[in-house]
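# A structural walkthrough
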Amino acid sequence: MPEKEFQNAWVIVTGGSRGIGHAIALEFAERGANVVIVYLEHHAAADETLHAVRAKGVQAEKYQVNVSNHAAIQEVFAKIIATHGQIDVLVNCAGINRDKTLAKLAFEQWQEVLDTNLTGAFNCTKAIWDHMKTRGYGRIISISSIIGQAGGFGQTNYSASKAGLLGFTKSLAQEGAHSGITVNAVCPGFVDTDMVRAMPADVLEAVVKKVPVQRLGRPDEIARAVVFLASPASSYITGQAINVNGGLYM
């Protein structure tokens with residue numbers, strides 16, 4: 001892909017302060033995009049990401065807002081559109097986990113994960129949809145998961161939310177196809193992030209042994225898949241889920 005193919009574009013990355021979101025923000029900036037980081041809790045990490053993006057010579061902004069808050073997202077995204085006149089790419093990366101077996105899973109833990117991971121993607125997409133349709137162009141990429149495809153013990157809430165993103169993606173792709181909007185998902189496997197490193201060491205070791213390439217993924221490997229799906233080179237790809245998992249799920 002050309003080095004500055006996103007020059008003058010504006011990209012929103014939710015969950016952009018850490019981990020995969022951080023890597024996505026930097027990859028877009030490396031290719032010339034201006035980046036808006038949406039985050040909730042990690043102020044220091046958000047500042048670090050903001051400075052790292054600006055160091056690439058592009059514009060960058062950050063907004064602290066809960067993606068599950070429909071009204072707040074509508075307000076923030078309207079401000080971004082009014083200020084810059086465009087949103088070219090939306091990456092729905094904000095996500096949380098509250099892992100418990102169903103017997104121990106509280107309703108609040110179920111709801112919190114669905115509200116952030118799935119409803120959050122709806123809220124953000126809804127907030128830019130009419131804008132992208134009016135412009136006749138847009139790229140929407142949601143970060144799903146291997147857990148949304150294969151399930152995971154003690155992860156009914158997380159798995160349901162990530163599987164929901166796949167259905168959301170396929171349906172929305174059909175709605176956006178005539179308006180120059182592509183809608184895709186990326187399904188990471190086990191990636192070296194704080195969320196994965198929080199797994200018990202023995203469980204994580206067992207997972208890595210099952211991965212054909214025998215290692216965890218890197219956040220930048222997920223980011224490159226996202227950037228490809230946002231690029232003009234992928235204009236004939238929509239409604240797809242791209243697996244980046246080291247061969248763990250085929």
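Here, every reference points to the structure presented above.
To start, this report covers the structure provided alongside it.

In this section: the packing of aromatic side chains. All told, the structure shown has one aromatic pair when counted by the stated rule. Their ring planes at 75° and their centres at 5.2 Å tell us that Phe 6 and Phe 28 sit as a pair that is edge-to-face. With a gap of 22 residues between them, Phe 6 in the segment before β1 (10-14) and Phe 28 in helix α1 (residues 19-30) connect regions that are remote in the sequence. Phe 28 carries the same exposure label as Phe 6, and that label is buried.

A separate point is the sheet that holds strand β7 (residues 241-244). The strand order β3-β2-β1-β4-β5-β6-β7 describes an open sheet built from seven strands, whose pairing is parallel. Looking along the sheet, the strands with just one partner apiece sit at the ends: β3 (60-64) and β7. Strand-to-strand twist of the sheet, defined as the mean angle between neighbouring strand axes without regard to direction, takes the value 15°. Pairing of β1 with strand β4 (residues 89-92), which is carried by three bridges, proceeds in the parallel orientation. Considered in β4, the bridge of Ile 12 is made with Leu 90. Seen against the sheet, helix α9 (residues 219-230) touches β4, β5 (138-143), β6 (181-188) and β7 and runs at an angle of roughly 165° to β6.

Another point: empty space enclosed by the protein. Gaps left between atoms are located by rolling a probe of water-molecule size over the structure's atoms. The final tally for this structure, using the stated rule, is one cavity of 30 Å³ or more. What lines the largest cavity is simply Thr 14, Val 67, Asn 92, Cys 93, Ala 94, Thr 116, Asn 117, Gly 120, Ala 121, Ile 143, Lys 162 and Leu 165. Residue classes in the lining of the largest cavity are distributed as six nonpolar, five polar and one charged.

About the cut-offs
- All chains use their own residue numbering, which begins from 1 and follows the written sequence.
- The model is predicted, so local features are restricted to residues of pLDDT at least 70 and side-chain atom pairs to those at 80 or more, both for listing and for counting; the totals for chains, interfaces and linings are taken over all residues.
- Heavy atoms throughout the structure, all of them, feed into the side-chain values; hydrogens and water do not.
- A pair of Phe, Tyr and Trp rings is counted when the ring centres sit within 6.5 Å of each other, with Trp represented by its six-membered ring. The angle between the planes then sorts it: under 30 degrees is stacked, over 60 is edge-to-face, the rest tilted.
- Every helix listed is a DSSP run of H or I at least four residues long, and every strand listed is a run of E at least two residues long, numbered separately from the N terminus.
- Buried residues are those whose accessible area, probed at 1.4 Å on protein chains only, stays under 20% of the maximum for their type, while exposed residues exceed 50% and partly exposed ones sit between those limits.
- For two strands to pair, DSSP has to find at least two bridges joining them.
- Axis definition: a line fitted to C-alpha atoms, limited for helices to the stretch in contact. Angles are taken between N-to-C directions and run from 0 to 180 degrees.
- Two residues form a contact once any of their heavy atoms are found within 4.5 Å.
- Cavities and pockets were defined on a 1 Å grid built from protein atoms only: a cavity is a group of points that admits a 1.4 Å probe but offers it no way out, a pocket is an open group of points flanked by protein on both sides within 12 Å along at least five of seven lines, and a lining residue is one with an atom within 4 Å of any such point.
- Grid points are joined across faces, edges and corners, and a volume is the space filled by probe spheres set on the points.
- Under the scheme applied, nonpolar residues are Ala, Val, Leu, Ile, Met, Phe, Trp, Tyr, Cys and Pro; charged residues are Asp, Glu, Lys and Arg; polar residues are all the others, including Gly.

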